[in-house]
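# Structural overview
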Amino acid sequence: MSEKKWAEFTEKIERLIDECRKVKKEKGLLEAELEEFKKRTAKLARGSKEDIFLKDRIKVLEEERAAVREKINKLLKILKGY
């Protein structure tokens, strides 16, 4: 092989090595992020007092939304009657 071909071959190998290092680094970062998400998920699964209060508040808001929907439906029926 000529020197030019060897130089091109060497450059390609160096690029592949650099890409491999980048991938390994990203893999490490993603694994760390995954572990953090697992910890958060475990905390959410256990629940806390704040979560219970939020669930109660959501339930109340859903009930209020249902009441508002009923009123809207009644008003629409009245308007359609005219």
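Reference entry: report on the structure contained in this document.

The rules behind the values
Residues numbered from 1 in each chain as written. Predicted model: local features only at pLDDT ≥ 70, side-chain atom pairs only at ≥ 80, totals over all residues. Heavy atoms only, no water. Salt bridge = Lys/Arg side-chain N within 4 Å of Asp/Glu carboxyl O. Helix = DSSP H or I, 4+ residues; strand = E, 2+ residues; numbered from the N terminus. Buried < 20%, exposed > 50% of the residue type's maximum accessible area, 1.4 Å probe, protein only. Patch = residues over 30% accessible without salt bridge, like charges linked within 9 Å, V, L, I, M, F, W, Y side chains within 5 Å. Areas by Shrake-Rupley, 256 points an atom, 1.4 Å probe, with all protein chains shown as cover. Lys, Arg positive; Asp, Glu negative; His and termini not counted. Charge placed at Lys NZ, Arg CZ, Asp CG, Glu CD.

Here we come to the pattern of salt bridges. All told, the structure shown has four salt bridges when counted by the stated rule. Of the charged contacts, one joins R21 and D18 as a salt bridge, the two residues approaching to 3.9 Å between their closest N and O atoms. Of this pair, R21 and D18 both sit in helix 1 (residues 3-46), three residues apart, which is roughly one turn of the helix. In this structure R21 comes out as exposed when scored by relative accessible area, which is 57%. Residue D18 is classed as partly exposed on the basis of its relative accessible area, which comes to 39%. Put simply, E19 and K22 hold a salt bridge, and the shortest N to O gap is 3.7 Å. On the criterion of helical spacing, the pair formed by E19 and K22 is a turn pair, its members being three residues apart in helix 1.

Before going further, it helps to spend a moment on a nonpolar patch on the surface. Together, W6, F9, I13 and I17 make up a nonpolar patch on the protein surface, roughly 380 Å² of accessible area in all. Within the secondary structure, I17 is located in helix 1.

A grouping of K71, K74, K77 and K80 is seen on the molecular surface, where their side chains present a positively charged patch. Tracing the chain through its elements places K71 in helix 2 (residues 49-81).

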